[in-house]
Amino acid sequence: MLENSKKEVSENELLKQNEYIRKVHSIVASSPKQKKFYSLAMGCQMNAHDSEKICSMLLKMGYTQTFSENDADFIIYNTCCIRENAEDKVYGKLGYLKHLKRQNPDLLIALCGCMMQENHVIDKIKTSYRHADIIFGTFNLHKLPELIYNRMESGDMIIDVWEEHGEIVEDTSYKREYPFKASVNIMYGCNNFCSYCIVPYVRGRERSREKEDILNEIRGLVKDGVKEVCLLGQNVNSYGKTLSTPVTFAQLLKDINEIEGLERIRFMTSHPKDLSDELIEAMKTLDKVCPYLHLPVQSGSTRVLEKMNRHYTKESYIALVEKIRKAIPDIMLSTDIMVGFPGETEEDFQDTLDVVRKCGYSTAFTFIYSRRRGTPADVMDCQIDEKTAHDRFDRLLEVLNSGIHEIHSKLLGTTVNVLVEEVSRQDEDIVSGRSEHNSLVHFKGDSSLIGKTVPVKITENKTFYLMGERI
């Protein structure tokens, strides 16, 4: 009964927004010139996926897309607040847009995403960036048509930021960047509260989508030509815990694996603290699940990990990696690593380098710790100075890059299956795509191969990408 009620709320809200889409379309269509929009996604894959939905809504409202802010009549930034430089980038762009708005007073500027969930950000925009028109957060993306219409009608700045999430409202009829692969949200929010991370405060607590809604979305995507899906969640290992009938992530993978026509399943992100034996077994036995796992370590020091509130140790992380590799020998691992966390010593940093050497990553996303207002780490003693942090960051990259090259060298002479994504911008005779291990591979080909899965023999290791020849 409750599930039916939630579904009815979602359907009614989508009907309401479709009506606003029609109203905005009527206004846009009456303009003497074609209205254009510019969209920029900052941050994680979830933001990128949200921006696909934003672009789709704007296209339905009669706008056409441009890739130049100077040509746009509507500009939207989907912001990130995970690091300070991401916020600084937004303020810098807003300063530039003030100039554009003087030239084009009808230009509409919208800001959404994680950064907009912070009260001090809203206060700053209201004080210093009054030329922004629409501000909303992470919980009400679906309301964009209504917010645009209200701004067009009133002429006033529209601020609609929810403190908490409501019912999950999903419109799966969005325009994708690639017709043959798609991201699918399986859950929202986070319950982990790592001491450095603002995400639980701006994206809310964990809530999972119903399994049948996910399966139906993927079935629809496959009918539309999608071969590969990437399942998204802040911690996919926690999927299903908030449902009235609990479902494990491994069980969800099994059901997705049975969808006819789907070729590949990827997912991110997995938290090391609760990656189960059941999930490892699913990855080992399910033929469509790619032999690739993103497993953030953040630090190799048990002492720092405890301060980070990560709930695992250096030793337990390494043991988990060994267990995964024993079950799936050809698996590729990627990770997130942070240096310069408050109180990090040289000994702590050496522990991180030790983990990097022992675990062998094919890719790593590396960061210098950034203070985030409202997090426990922001008020910790012994903040690391910039010079020390940058020195450690540079030394980390040296070890990482050497390891990445070594991992990719093992692929020389082997054959991988590449889902071709695009023609190279530098050479029209070269195409690029991802192997089942998520390695970037370039080889000779043309646009007719885009969207096809092609066997390729690896001939050269360029560290961050591979060269090959089609078989």
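Data block above holds the structure.
Below is a summary of the structure that appears in this document.

The rules behind these values
- Residues numbered from 1 in each chain as written.
- Predicted model: local features only at pLDDT ≥ 70, side-chain atom pairs only at ≥ 80, totals over all residues.
- Heavy atoms only, no water.
- Pairing = 2+ DSSP bridges.
- Helix = DSSP H or I, 4+ residues; strand = E, 2+ residues; numbered from the N terminus.
- Axes fitted to C-alpha atoms, helices over the stretch in contact; angles between N-to-C directions.
- Buried < 20%, exposed > 50% of the residue type's maximum accessible area, 1.4 Å probe, protein only.
- Arc of directions from axis to C-beta.
- Contact = heavy atoms within 4.5 Å.
- Salt bridge = Lys/Arg side-chain N within 4 Å of Asp/Glu carboxyl O.
- Phe/Tyr/Trp six-rings, centres within 6.5 Å; stacked < 30°, edge-to-face > 60°.
- Lys NZ or Arg CZ within 6 Å of the ring centre and 35° of its normal.
- Parallel < 35°, antiparallel > 145°, perpendicular 65-115°, else oblique.

### Some thoughts on the sheet that holds strand β12 (residues 292-294)
By definition, the strands of a sheet pair up through backbone hydrogen bonds, in either a parallel or an antiparallel sense.
At step 1: Reading across from one edge, β12-β13-β14 is the order of the 3 strands in this open sheet, with parallel pairing throughout. A strand with exactly one partner marks an edge of an open sheet, and here the two such strands are β12 and β14 (363-368). With strand direction ignored, the average angle separating the axes of adjacent strands in the sheet is 10°.
At step 2: Two elements, strand β13 (residues 332-339) and β14, share 6 bridges in a ladder whose sense is parallel.

### Considerations on the pairing of strand β10 (residues 228-232)
Look at any regular strand and the pattern is simple: side chains alternate between the two faces of the sheet.
At step 1: In terms of burial, β10 is largely enclosed, as 5 of its 5 residues are buried.
At step 2: Of the two faces of β10, the one holding E228, C230 and L232 and the one holding V229 and L231 are both buried throughout.
At step 3: Bridging between strand β7 (residues 181-185) and β10 involves 5 bridges; their strand directions are parallel. What sits directly across from V184, in β10, is L231.
At step 4: Relative to strand β11 (residues 264-268), β10 runs parallel, the two sharing 5 bridges. What sits directly across from E228, in β11, is R264.

### Quick look at helix α8 (residues 249-257)
At step 1: Of the residues making up α8, those classed as buried are F249, A250, L252, L253, I256 and N257. Each buried residue of α8 lies within a common arc of 155° when the element is viewed along its axis, so the set occupies one face.
At step 2: Next to the buried residues of α8 lie α7 (211-223), β10, β11 and α9 (277-285).

### Considerations on the pattern of salt bridges
At step 1: Tallied over the full model, the rule gives 28 salt bridges.
At step 2: Of the charged contacts, one joins E228 and R266 as a salt bridge, the two residues approaching to 3.1 Å between their closest N and O atoms. One end of the pair, E228, is in strand β10; the other, R266, is in strand β11, and 38 residues separate them in sequence.
At step 3: Given a relative accessible area of 7%, E228 falls into the buried group.
At step 4: Of the charged contacts in the structure, one is a salt bridge between K314 and D354, with a shortest N-O distance of 2.8 Å. Separated by 40 residues along the polypeptide, K314 in helix α11 (residues 314-327) and D354 in helix α12 (residues 346-359) bring together distant segments of the chain.
At step 5: By relative accessible area, which is 21% here, D354 ends up partly exposed.
At step 6: Among the charged side chains, a salt-bridge network with shared partners connects E344, E346, D391, R392 and R395.

### Remarks on unusual backbone geometry
At step 1: Cis geometry is found at the peptide bond from M268 to T269, where omega equals 10°.
At step 2: For T269, the position within the fold is in the loop between β11 and α9.
At step 3: With phi around 65°, H311 is a residue other than glycine that occupies positive phi space.
At step 4: With respect to the helices, strands and loops of the structure, H311 is situated in the loop between α10 (302-308) and α11.

### A closer look at the packing of aromatic side chains
At step 1: Under the defined criterion, the tally for this structure stands at 9 aromatic pairs.
At step 2: With a centroid separation of 5.0 Å and an interplanar angle of 80°, the aromatic rings of F249 and F267 are classed as edge-to-face. Pair noted here: F249 is in helix α8 and F267 is in strand β11, with a separation of 18 residues, a long-range link.
At step 3: On the basis of relative accessibility, which here comes to 3%, the residue F249 falls in the buried class.
At step 4: Both rings, one in F341 and one in Y369, keep their centres 5.6 Å apart while their planes meet at 70°; by these two values the pair is edge-to-face. Of the two residues, F341 is situated in the loop between β13 and α12 and Y369 in the loop between β14 and α13 (386-409); the sequence distance between them amounts to 28 residues.
At step 5: For F341, a relative accessible area of 0% gives the class buried.
At step 6: Residue class for Y369 comes out buried when judged on its relative accessible area of 10%.
At step 7: Among the aromatic residues, those joined into a ring-pair cluster are Y196, F341 and Y369.
At step 8: Cation over ring: K124 sits above Y91, and NZ or CZ is 3.9 Å from the ring centre.
At step 9: Here K181 stacks its cationic end above the ring of Y178, 4.9 Å away from the centre of that ring.

### Structural notes on the environment of A377
At step 1: Mapped onto the fold, A377 is located in the loop between β14 and α13.
At step 2: Classification of A377 as buried rests on a relative accessible area of 0%.
At step 3: Separated by 69 residues in sequence, A377 and M308 have C-alpha atoms that sit 7.7 Å apart.
At step 4: Residues in contact with A377, not counting those within four places in the same chain, are S195, Y196, F341, P342, Y369 and Q383.

### Remarks on the sheet that holds strand β2 (residues 64-65)
At step 1: The strand order across the open sheet built from 6 strands is β2-β1-β3-β4-β5-β6, with neighbouring strands paired in parallel fashion. Each end of this open sheet is capped by a strand with a single partner; those strands are β2 and β6 (158-160).
At step 2: As judged from the 6 bridges shared by strand β3 (residues 74-79) and strand β4 (residues 108-113), these two strands associate in the parallel manner. Following the sheet pairing, I75 is matched in β4 by I109.

### Looking at the packing of α11 against α12
At step 1: Interhelical geometry of α11 versus α12 gives an angle of 10° and a closest axis separation of 11 Å. Here α12 runs roughly parallel to α11, going by the angle between their axes. Two secondary-structure elements touch here, α11 through K314, Y317, I318, V321 and R325 and α12 through D351, D354, V355, K358 and C359.

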